[in-house]
Amino acid sequence: QVQLVQSGGGLVQPGGSLRLSCTASGISVESYAIGWFRQAPGKEREGIACFVKYDGTTYYDDSVKGRFNISRDMARNTVYLQMNSLGPEDTAVYFCATVAYSGYRCLSMYDYWGQGTQVTVSS
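Presented here is an overview of the structure given in this document.

Analysis parameters
Residues numbered from 1 in each chain as written. Predicted model: local features only at pLDDT ≥ 70, side-chain atom pairs only at ≥ 80, totals over all residues. Heavy atoms only, no water. Pairing = 2+ DSSP bridges. Helix = DSSP H or I, 4+ residues; strand = E, 2+ residues; numbered from the N terminus. Axes fitted to C-alpha atoms, helices over the stretch in contact; angles between N-to-C directions. Phe/Tyr/Trp six-rings, centres within 6.5 Å; stacked < 30°, edge-to-face > 60°. Buried < 20%, exposed > 50% of the residue type's maximum accessible area, 1.4 Å probe, protein only. Lys NZ or Arg CZ within 6 Å of the ring centre and 35° of its normal.

Okay, the sheet that holds strand β7 (residues 68–73) next. The pairing of strands in a sheet comes from backbone hydrogen bonds and takes either a parallel or an antiparallel form. On the basis of which strands lie adjacent, the open sheet formed by 4 strands has the order β1-β3-β8-β7 and antiparallel pairing. The open sheet has two edge strands, β1 (3–7) and β7, and neither has a second partner. For this sheet the average axis-to-axis angle between neighbouring strands, irrespective of direction, equals 20°.

Next up, the structure:
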């Protein structure tokens, strides 16, 4: 079975950092591209950081570019999202998911999703 299991959410103060993890089973995080999405209250789910090429090329939405970093550890079959300089606008439920090797953007593919984790940025 394919499973994506997330960890690392929680409450953080403005300006702080948080690291999310997404560990896959049943698939390789290299053979199947992984990306990060988030859904804030009252807003649509959006792709924010994704692998878009097999060689590790990444995409970042403008809202997180320069603050967030996506990385992968093939030995642990895990993808990470390092979030820095967090602000209240980053408060959302964060999901990892399989995405297409689209070359240019986060595009959900295969419909495999992590369970979601709440990130709340507040003083």
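Under the defined criterion, the tally for this structure stands at 4 aromatic pairs. With 5.1 Å between their ring centres and 65° between their planes, Y32 and Y110 make a pair best called edge-to-face. Here Y110 lies in strand β10 (residues 108–113) and Y32 lies in the loop between β3 (18–25) and β4 (33–39), a separation of 78 residues in the sequence. With a centroid separation of 5.9 Å and an interplanar angle of 70°, the aromatic rings of Y54 and Y101 are classed as edge-to-face. Separated by 47 residues along the polypeptide, Y54 in the loop between β5 (46–51) and β6 (58–60) and Y101 in the loop between β9 (92–99) and β10 bring together distant segments of the chain. Residue Y54 is classed as partly exposed on the basis of its relative accessible area of 48%. Classification of Y101 by relative accessible area gives partly exposed; the value is 29%. Each member of the aromatic cluster is reached from another via a ring pair, and the members are F37, F95 and W113. One Lys or Arg, R45, reaches over the ring of W113 and ends 4.7 Å from the middle of that ring. Sitting above the plane of the F51 ring, R72 keeps its charged end 4.7 Å from the centroid.

Keep in mind these numbers describe shape, not what the thing actually does.
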